[in-house]
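Letter by letter, the chains look like this.
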Amino acid sequence: MKLVFMGTPQFAVPVLQRLLEDGHEVAAVYTQPDKPVGRGLRFAPPPVKQLALEKGLPVRQPVKLRDGTVAAELRAIAPDLCIVVAYGRILPPAILEAPSLGCVNLHASLLPKYRGAAPIQWSVLRGETVTGVTSMFMAEGLDTGDIILQLETPIGPDETAPALSERLSALGAECVSRTLRLFEAGQVTRVPQEEASATLAPILRKEMGEMDFRRPAGELHNQVRGLAGWPAAYACFGGKRLKVHESRLWEKSGKPGEVLEAGGHLVVACGEGALELCLVQPEGKQRMSGGAFMNGYRLKPQDSFMER
């Protein structure tokens, strides 16, 4: 099939790679403009652009989508479909209507659950045990289009959002591949979403990272897993923030926020149960194990993370 691909981050890269491996004609790749990254703020291309250039594909990085330019370009290209994966921009009606068969989006949840910008993180934050990917026809609403195909996968009890994202990226490539085979066979179906079952996955905020050890350990564990990468969960100790990148549940109890005796493991009592802070990062320092943090900062049992 003749396609136009729209995507930006690493999550979208395996899908574009799979389209090429499956023999589809990718007539153009649209991605967001290069952005400054790192301490030097050097402009760097998005991962999708890097792959597209490696494969010799035309790359376009429009700043505006509603001035009619992109819609005119798509009409001139005349693709069968536009495949959209984490592009990061809302497409106006003129663009949605340009391809002859429409625009198909890959979303990293089992719609209608977790519509929005951060479906992977919210699936973990909410303690879901199953998630998946959805291919759907795009509509003007936020992830409201008719469903074409869904593939499921379990979420591991200690799996972080970045690890899950990597797996869903690969599963998404398979989902898009199967979706296009349905188009080629003339077997595409449209299943309207059940609005009553819809939930939202809004963009993450930095203030979501603060850990309150009065909450159950299970909820804090989900917070650590769901916010891993960015913005990262954090505890407060000695007036400074301690980022927590990995954690593990323990069957211990004590006063919320209190460090428990645990043989060199940094285990903190919660409102229910206890949580080991396995991989932490003090302000201005490198990541280290919880045990190394305990030794370096001379933590002892009954020290508390509830103090500010």
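Everything quoted here is computed from the prediction, not taken from an experiment.

Definitions and cut-offs
- Residues numbered from 1 in each chain as written.
- Predicted model: local features only at pLDDT ≥ 70, side-chain atom pairs only at ≥ 80, totals over all residues.
- Heavy atoms only, no water.
- Core = buried A, V, L, I, M, F, W, Y, C linked by side-chain atoms within 4.5 Å.
- Buried < 20%, exposed > 50% of the residue type's maximum accessible area, 1.4 Å probe, protein only.
- Helix = DSSP H or I, 4+ residues; strand = E, 2+ residues; numbered from the N terminus.
- Contact = heavy atoms within 4.5 Å.
- Lys, Arg positive; Asp, Glu negative; His and termini not counted.
- Salt bridge = Lys/Arg side-chain N within 4 Å of Asp/Glu carboxyl O.
- Polar contact = N/O pair within 3.5 Å; in protein donor to acceptor, adjacent residues only side chain to side chain.
- Right-handed = clockwise from strand over helix to strand, strands pointing away.
- Pairing = 2+ DSSP bridges.
- Patch = residues over 30% accessible without salt bridge, like charges linked within 9 Å, V, L, I, M, F, W, Y side chains within 5 Å.
- Areas by Shrake-Rupley, 256 points an atom, 1.4 Å probe, with all protein chains shown as cover.
- Charge placed at Lys NZ, Arg CZ, Asp CG, Glu CD.
- Axes fitted to C-alpha atoms, helices over the stretch in contact; angles between N-to-C directions.
- Parallel < 35°, antiparallel > 145°, perpendicular 65-115°, else oblique.
- Left-handed = near helix turned anticlockwise from the far one by under 90°.
- Nonpolar A, V, L, I, M, F, W, Y, C, P; charged D, E, K, R; others polar.
- Phe/Tyr/Trp six-rings, centres within 6.5 Å; stacked < 30°, edge-to-face > 60°.
- Lys NZ or Arg CZ within 6 Å of the ring centre and 35° of its normal.

Asker: So what's going on with the nonpolar core? Residues and values would help.
Answerer: Phe5 and Ile83 are the most contacted members of the largest nonpolar core, which has 36 residues in total. For this core, the element with the most residues is helix H6 (residues 161-185), which contributes 8 residues. Excluding anything up to four places from it in sequence, Ile83 contacts Leu3, Val4, Phe5, Met6, Leu19, Val104, Val176 and Leu180.

Asker: Lay out the side chain of Arg225 in plain terms, naming residues and giving numbers.
Answerer: Summarising the element assignment, Arg225 is placed in helix H7 (residues 217-227). Despite its burial, Arg225 pairs with no opposite charge, the nearest such side chain being Asp158 at 5.7 Å. A distance of 2.8 Å separates a polar atom in the side chain of Arg225 from a polar atom in the side chain of Asn222. When neighbours within four sequence positions are excluded, Arg225 is seen to be in contact with Val124, Ile155, Gly156, Pro157, Asp158, Glu159, Thr160, Ala161 and Pro162.

Asker: Tell me about the pairing of strand S1 (residues 2-7), and name the residues and values.
Answerer: Where burial is concerned, most of S1 is hidden: 5 out of the 6 residues are buried. Regarding the hand of the β-α-β motif, the stretch spanning S1, helix H1 (residues 13-21) and strand S2 (residues 25-30) is right-handed. Alignment of S1 against strand S6 (residues 81-85), held across 5 bridges, turns out to be parallel. Its bridge partner being in S6, Val4 is matched across the sheet by Cys82.

Asker: Hey, could you go over the sheet that holds S2 for me, with residue numbers and the actual values?
Answerer: Each strand in a sheet pairs with its neighbour through backbone hydrogen bonds, running either in the same direction (parallel) or in the opposite one (antiparallel). Taken together, the 7 strands give an open sheet; going across it, the order is S5-S2-S1-S6-S7-S8-S9, and neighbouring strands pair in mixed fashion. For this open sheet the edge positions go to strand S5 (59-60) and strand S9 (147-154), each flanked by a neighbour on one side alone. With 2 bridges joining them, S2 and S5 adopt parallel strand pairing. By the bridge assignment, Val29 is partnered in S5 with Val59.

Asker: Outline a positive patch on the surface, supporting the account with residue identities and numerical values.
Answerer: Where like charges cluster on the molecular surface, the positive patch consists of Lys206, Arg241, Lys243 and Arg287. Structurally, Arg241 is set in strand S11 (residues 240-250).

Asker: Explain the packing of H1 against H6 residue by residue, including any values.
Answerer: Relative to each other, H1 and H6 sit at 40 degrees, their axes nearing to 8 Å. In terms of their interaxial angle, H1 and H6 are classed as oblique. At the point where H1 passes H6, the crossing takes the right-handed sense. Where H1 abuts H6, its residues Pro14, Val15, Arg18 and Leu19 lie against Ser169, Gly172, Ala173, Glu174, Val176, Ser177, Leu180 and Arg181. A breakdown of the residues in the contact of H1 with H6 according to their chemical character gives 6 nonpolar, 3 polar and 3 charged.

Asker: Outline the packing of aromatic side chains, supporting the account with residue identities and numerical values.
Answerer: All chains considered together, the criterion is met by 5 aromatic pairs. Both rings, one in Phe137 and one in Phe183, keep their centres 5.8 Å apart while their planes meet at 70 degrees; by these two values the pair is edge-to-face. With Phe137 in strand S8 (residues 130-137) and Phe183 in helix H6, the pair connects residues that are 46 residues apart, well separated along the chain. For the pair formed by Phe137 and Phe183, the shared burial category is buried. Aromatic ring contacts, followed pair by pair, group Phe213, Phe237, Phe293, Tyr297 and Phe305 into a single cluster. The ring of Phe137 has Arg190 lying over it, and the distance from NZ or CZ to the ring centre is 3.8 Å. Geometry around Tyr234 places Arg241 over its ring, the cationic atom sitting 4.1 Å from the centre.

Asker: I'd love a proper account of the pairing of S6, names of residues and values included.
Answerer: Remember that side chains alternate between the two faces of the sheet whenever the strand is regular. In terms of burial, S6 is largely enclosed, as 5 of its 5 residues are buried. With 4 bridges connecting them, S6 and strand S7 (residues 103-107) associate as parallel partners. For Cys82, the partnering residue across the bridge sits in S7 and is Cys103.

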